[in-house]
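Observations on the model geometry
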Amino acid sequence: MDFGAVFQTNPPSARVVQLSQLAEAHGFSHVWTFDSHLLWQEPYVIHSAILGATRKVTVGPFVTNPATRDWTVTASVFATLNEMYGNRTVCGIGRGDSAVRVTNGAPTTLATLRDAVHVIRELGSSRAVEYNGSRLQFPWSKGSELEVWVAAYGPKALQLTGEVADGFILQLADVDIARWMIQAVRDAAANVGRNPDDITICVAAPAFVGDDVANQRDQSRWFGGMVGNHVADIVARYGDSGAVPQALTDYIAGRTGYDYNSHGRSENDHVDFVPDEIVDRFCILGSVDDHIAKLKALADVGVDQFAAYVMHDDKEETLRLYGERIIPALTEHVTAKS
């Protein structure tokens with residue numbers, strides 16, 4: 001199992017770069033950042049600084065979208081970074097959440113997302129592509145390689161992911177729900193003749209190591225609110241039973257609204273509807289042993305990477321304990337299984 005660290009691009013940007021260096025030193029293979037240019041600093045500028053300050057971590061957005069930037073601009077960023085630092089980028093993408101909703105916009109359609117994945121991957125991999133009736137290729141890009149990982153929850157989005165994505169990003173660490181969604185992605189891949197094992201499975205959630213679980217829950221409750229936005233969209237489309245696991249929908253009954261200006265913040269003051277049970281299911285909290293146990297369960301259902309949201313008041317200690325104890329334990333577990 002690989003490990004990623006997810007950071008918000010809050011100023012000072014030098015702090016994000018420092019945490020990225022620390023993550024690399026502790027054995028994390030990926031560094032991800034939010035991409036919501038109004039709520040946080042512009043990520044791609046900071047990605048360049050991270051890549052310049054590290055030697056081997058892969059860096060990307062968690063996640064970008066097809067709406068806020070022209071797809072050719074997005075692809076050009078990755079191809080340029082790959083030329084500057086070697087092929088050390090990955091593009092996480094979804095339909096759009098806070099980056100579009102904070103300006104009263106809406107997520108793109110799945111058809112638009114499908115087209116964007118193709119255009120960004122082809123151009124970002126130094127290949128030609130048809131776009132808006134023209135055949136395009138970066139004449140300056142040689143040998144760039146770019147994978148595109150798709151963030152998804154609902155049945156149709158999971159199907160799209162299995163059909164076209166290099167990786168699947170699931171932003172919650174509930175083992176039962178992960179099992180269901182991973183299988184949906186793999187089935188979709190097999191149905192179009194793809195090898196399901198070629199799709200990297202990435203589960204992401206807040207990770208906080210320590211003994212004060214009540215404090216950990218309070219600082220991670222925002223995540224249940226964020227996930228609730230996606231669940232609300234799914235329930236509006238598919239109803240509250242049948243197409244998605246009941247465990248994913250029950251908890252949003254008390255959800256009355258969401259202020260995107262507080263999106264992704266531990267001090268979010270309108271996520272009281274998220275109960276402790278959901279925080280515990282969706283996040284990874286508690287002691288080192290608690291983390292190891294849950295990560296082993298996720299590995300056993302097919303998770304290839306755990307991307308830890310490190311967004312609390314004890315970032316360095318959590319990164320340290322992952323590097324010294326948790327990552328080695330999971331490496332040993334996965335090796336023993338194989």
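Below is a short write-up of the structure. (Residues numbered from 1 in each chain as written. Predicted model: local features only at pLDDT ≥ 70, side-chain atom pairs only at ≥ 80, totals over all residues. Heavy atoms only, no water.)

1. Here we look at the overall build of the protein
For clarity, the cut-off: Strands here mean DSSP runs of E at least two residues long; helices mean DSSP runs of H or I at least four residues long; both are numbered from the N terminus. In this scheme, a residue with accessible area under 20% of its type's maximum is buried, one over 50% is exposed, and one in between is partly exposed, where area comes from a 1.4 Å probe on protein chains only. Whether two residues touch is decided by their heavy atoms; if any such pair falls within 4.5 Å, the residues are in contact. Only the protein chains shown count as covering a residue, and every accessible area follows the Shrake-Rupley method with a 1.4 Å probe.
Helix and strand counts for the protein stand at 12 helices and 10 strands. The buried share among the 338 residues of the protein stands at 57%. Contacts in the protein between residues at least 24 apart in sequence constitute 75% of all its contacts with a sequence separation of at least 6. A total accessible area of about 13400 Å² is found for the protein, and carbon and sulfur atoms account for 46% of it.

2. Some points on the packing of helix 6 (residues 155-164) against helix 7 (residues 175-191)
The line we're drawing: Axis angles are defined between N-to-C directions and span 0 to 180 degrees, where every axis is a line fitted to C-alpha atoms and, for a helix, only to the segment in contact. With respect to orientation, any angle under 35 degrees is reported as roughly parallel, any angle over 145 as roughly antiparallel, any angle of 65 to 115 as roughly perpendicular, and every other angle as oblique. Two helices crossing with the near one rotated counterclockwise from the far one by less than a right angle form a left-handed crossing, whereas a clockwise rotation gives a right-handed crossing. When residues are sorted by character, Ala, Val, Leu, Ile, Met, Phe, Trp, Tyr, Cys and Pro go into the nonpolar class, Asp, Glu, Lys and Arg into the charged class, and all the rest, Gly among them, into the polar class.
Where helix 6 meets helix 7, the closest approach of the two axes is 7 Å, and the angle between their N-to-C directions is 50°. Between helix 6 and helix 7, the interaxial angle falls into the category oblique. As helix 6 packs across helix 7, the resulting crossing turns out to be right-handed. Note on element contacts: helix 7 touches helix 6 through W180, M181, A184, V185, A188 and A189, opposite L158, Q159, T161, G162 and E163. Class assignment of the residues belonging to the contact of helix 6 with helix 7 gives a composition of 7 nonpolar, 3 polar and 1 charged.

3. Topic: the pattern of salt bridges
Stated formally: Each salt bridge in this description consists of a side-chain nitrogen of Lys or Arg and a carboxyl oxygen of Asp or Glu lying within 4 Å of one another.
Inspection of the entire model under this criterion finds 16 salt bridges. Where E122 meets R127, a salt bridge forms, and the shortest distance between an N and an O atom there is 2.8 Å. Its relative accessible area of 13% is what places E122 among the buried residues. Note that E130 and R135 form a salt bridge whose closest N and O atoms lie 3.4 Å from each other. Residue class for E130 comes out partly exposed when judged on its relative accessible area of 49%. A relative accessible area of 61% means that R135 is categorised as exposed. Put simply, R217, D218, R221, D276 and D280 are held in one network by salt bridges that share partners.

4. Topic: the pairing of strand 8 (residues 167-170)
Selection criterion: When the strands point away from the viewer, a crossover counts as right-handed if the route from the first strand across the helix to the second turns clockwise. Whether two strands pair comes down to DSSP finding at least two bridges between them.
Of the two faces of strand 8, the one holding G167 and I169 and the one holding F168 and L170 are both buried throughout. Viewed along the sheet, the connection from strand 7 (residues 147-151) through helix 6 into strand 8 turns out right-handed. Bridge analysis of strand 8 against strand 9 (residues 200-206) gives 4 bridges, and the strand direction is parallel. What sits directly across from G167, in strand 9, is T200.

5. A closer look at the packing of aromatic side chains
Put simply, the rule is: Aromatic pairing here means that ring centres of Phe, Tyr or Trp (its six-membered ring) are within 6.5 Å. Orientation follows from the plane angle: under 30 degrees is stacked, over 60 is edge-to-face, and everything else is tilted.
Applying the stated criterion across every chain yields a total of 15 aromatic pairs. Between the aromatic rings of W32 and W149, the centroid separation amounts to 5.4 Å while the plane-to-plane angle is 50°, which identifies the pairing as tilted. Of the two residues, W32 sits in strand 2 (residues 30-33) while W149 sits in strand 7, which places them 117 residues apart along the sequence. The exposure classification of W32 matches that of W149, with both residues buried. The interplanar angle of 50° and the centroid separation of 5.6 Å between the aromatic rings of W71 and Y131 together place this pair among those described as tilted. Of this pair, W71 sits in helix 3 (residues 71-85) while Y131 sits in strand 5 (residues 129-131), placing them 60 residues apart in sequence.

6. A look at the sheet that holds strand 10 (residues 305-309)
Neighbouring strands of a sheet are bound in pairs by backbone hydrogen bonds; such pairs are parallel or else antiparallel. One open sheet holds the 8 strands; their spatial order is 3-2-1-10-9-8-7-4, and the pairing between them is parallel. Every interior strand has two partners, whereas the edge strands, strand 3 (58-61) and strand 4 (90-93), have only one. Mean inter-strand twist for the sheet, computed between neighbouring axes without regard to direction, equals 25°. In the packing of helix 2 (residues 43-53) onto the sheet, contacts are made with strand 2 and strand 3, and the angle to strand 3 comes to roughly 175°.

7. Quick word on the environment of V175
Relative to the assigned elements, V175 resides in helix 7. For the pair V175 and A297, spaced 122 residues apart in sequence, the C-alpha separation works out to 6.8 Å. Sequence-distant contacts of V175, defined by excluding residues within four places in its chain, comprise K294, A297, L298 and V301.

8. A few points about the side chain of D35
The condition is simple: The term polar contact refers here to a pair of N or O atoms within 3.5 Å; inside protein, the definition further demands a hydrogen-donor-capable atom paired with an acceptor-capable atom, and it admits residues adjacent in sequence only when both atoms are side-chain atoms.
Mapping D35 onto the fold places it in the loop between strand 2 and helix 2. Within the structure, D35 has its side chain in polar contact with the side chain of T64 (distance 2.7 Å). Engagement of the side chain of D35 in a polar contact is seen with the side chain of R69, the distance being 3.0 Å.

These results come straight from atomic positions and should not be treated as a statement about function.
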